[in-house]
Amino acid sequence: MSEANSTRVAIVTGGARGIGAATAQRLAADGFAVAVLDLDEASAQGTVDAIKAAGGQGLAVGADVSDAEQVQTAVDRIAAELGAPVVLVNNAGVLRDNMLFKMSDSDWDIVMNVHLRGAFLMSRAAQKHMIEQKWGRIVNLSSTSALGNRGQANYSTAKAGLQGFTKTLAIELGKFGVTANAIAPGFIQTEMTKATADRMGIPFDDFIKGAGASIPVARVGQPEDIAHLVSFFCSEGAGFISGQVVYAAGGPKA
Ligand SMILES: NC(=O)c1ccc[n+]([C@@H]2O[C@H](COP(=O)([O-])OP(=O)(O)OC[C@H]3O[C@@H](n4cnc5c(N)ncnc54)[C@H](O)[C@@H]3O)[C@@H](O)[C@H]2O)c1
């Protein structure tokens, strides 16, 4: 077995920053060779540089997860250059928040395409390798918004949809040694939540303080809080846990 094949390979979408970057670094520290996939290869390279500086293995890949051709090309390239991917973290995401009466067709379509179509295309391309290896882990990023959130008819629908997707993958792929689980984070301090603060005209520090005050553990989440749970779902010992949604929100959000 070549060296490239002796290490398990993971793909983290949206890995250039935020939760994806922390997750890619955590999985690399756990011993996976990590393909960091994002819209722009150069932005993903920053995460790969951090992985390599810490002694890990990584590959930066540019692709739009909502584009079928780009997804297939990316997964083929990862399999050829890093090895067969057996872990997939569907983390890439965007917001196009608006109240229903102001929500445009494109606000709706972009959010559906990145979260739902993206997770579908990536999972369909990657599962082939997992099934061949008779081992795999798929982790989908849902959100507490799946329970409903003002101004997020598109996003809450996509994040609830990902929960159904996760449960179905768990049922279909279980007999091949592949688990599928979802993580539903609450407020995590990233560029995504900063953009929401900016849009609302609230300084990010005040926004964080306000959010933290309503969370039982009395703080907002950090990307590493989510990376830790991804690491658990991808571990060898988590093979009997599948089709689950864990709310990582600093309290019993669900
Ligand atoms: N931050 C939070 O509070 C929070 C809460 C619940 C769920 N989430 C979910 O967690 C995930 C990560 O969130 P984050 O806060 O780190 O966001 P972020 O905006 O900081 O990072 C998202 C990354 O996804 C990439 N991306 C966007 N569209 C893409 C596409 N079509 N193809 C490939 N990459 C694409 C972006 O370039 C970016 O690097 C998202 O799915 C988000 O919905 C975040």
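Every residue gets a number counted from 1 within its own chain, in the order that chain's sequence is written. Predicted model: local features are reported for residues with pLDDT of at least 70 only, side-chain atom pairs are reported and counted for 80 or more only, and whole-chain, interface and lining totals are derived from all residues. To obtain the side-chain values, all non-hydrogen atoms of the structure were used and water was disregarded.

An unreviewed UniProt entry lists the chain under the name 3-oxoacyl-[acyl-carrier protein] reductase, with Blastococcus aggregatus given as the organism. UniProt positions are given in the numbering used here, feature names are shortened, and annotations may be inferred rather than shown by experiment. A UniProt comment under Sequence similarities (unreviewed entry) is attached to the chain, and it reads "Belongs to the short-chain dehydrogenases/reductases (SDR) family."

Turning to the pairing of strand β4 (residues 85-90), a few remarks are in order. Relative accessibility thresholds used throughout: buried, under 20% of the residue-type maximum; exposed, over 50%; partly exposed, between the two (1.4 Å probe, protein chains only). The numbering of helices and of strands both runs from the N terminus, where a helix is a DSSP run of H or I of at least 4 residues and a strand a run of E of at least 2. In terms of burial, β4 is largely enclosed, as six of its six residues are buried. Note on pairing: DSSP must find at least two bridges between two strands before they are called paired. As paired elements, β4 and strand β5 (residues 136-141) share four bridges and run parallel to each other. Counterpart to Asn90 in the pairing with β5 is Asn140. Crossover connection from β4 via helix α5 (residues 105-133) to parallel β5: handedness right-handed. For crossovers, right-handed means that the path from the first strand over the helix to the second runs clockwise, given strands pointing away from the viewer.

What follows concerns the domain arrangement of the chain. Domain annotation of the chain identifies domain 1 (9-186 + 221-248) and domain 2 (189-220). For domain 1 versus domain 2, the distance between C-alpha centres works out to 23 Å. The interface is formed by 12 residues belonging to domain 1 together with eight residues belonging to domain 2. A simple way to read buried area is as the amount of 1.4 Å-probe accessible surface that goes missing from two parts once joined, with both sides added. Overall, the association of domain 1 and domain 2 removes approximately 770 Å² of surface from exposure, summing both partners, and the carbon and sulfur fraction of that is 51%. Domain start and end points were adopted from an automatic or database domain assignment. Contacts: residue pairs with any heavy atoms within 4.5 Å of one another.

Quick look at the site of the ligand now. Taken together, 29 residues surround the ligand, and among them Arg17, Asp38, Asn91, Tyr155 and Thr190 come closest. A distance of 2.5 Å is found between an oxygen atom of the ligand and a side-chain nitrogen or oxygen belonging to Tyr155. Here the ligand has 830 Å² of accessible area as a free molecule, and 93% of this is covered by the chains. Those elements giving two or more residues to the shell around the ligand turn out to be α2 (18-29), α5, α6 (153-173) and α7 (191-200). One heavy atom within 4 Å of a molecule or strand makes the whole residue count as near it. Polar contact is the term for a pair of N or O atoms within 3.5 Å; when the atoms are in protein, one must be able to donate a hydrogen and the other to accept it, and sequence-neighboring residues count only if both atoms are side-chain atoms. Areas reported here follow the Shrake-Rupley algorithm with a probe of radius 1.4 Å; residue values treat only the protein chains shown as occluding.

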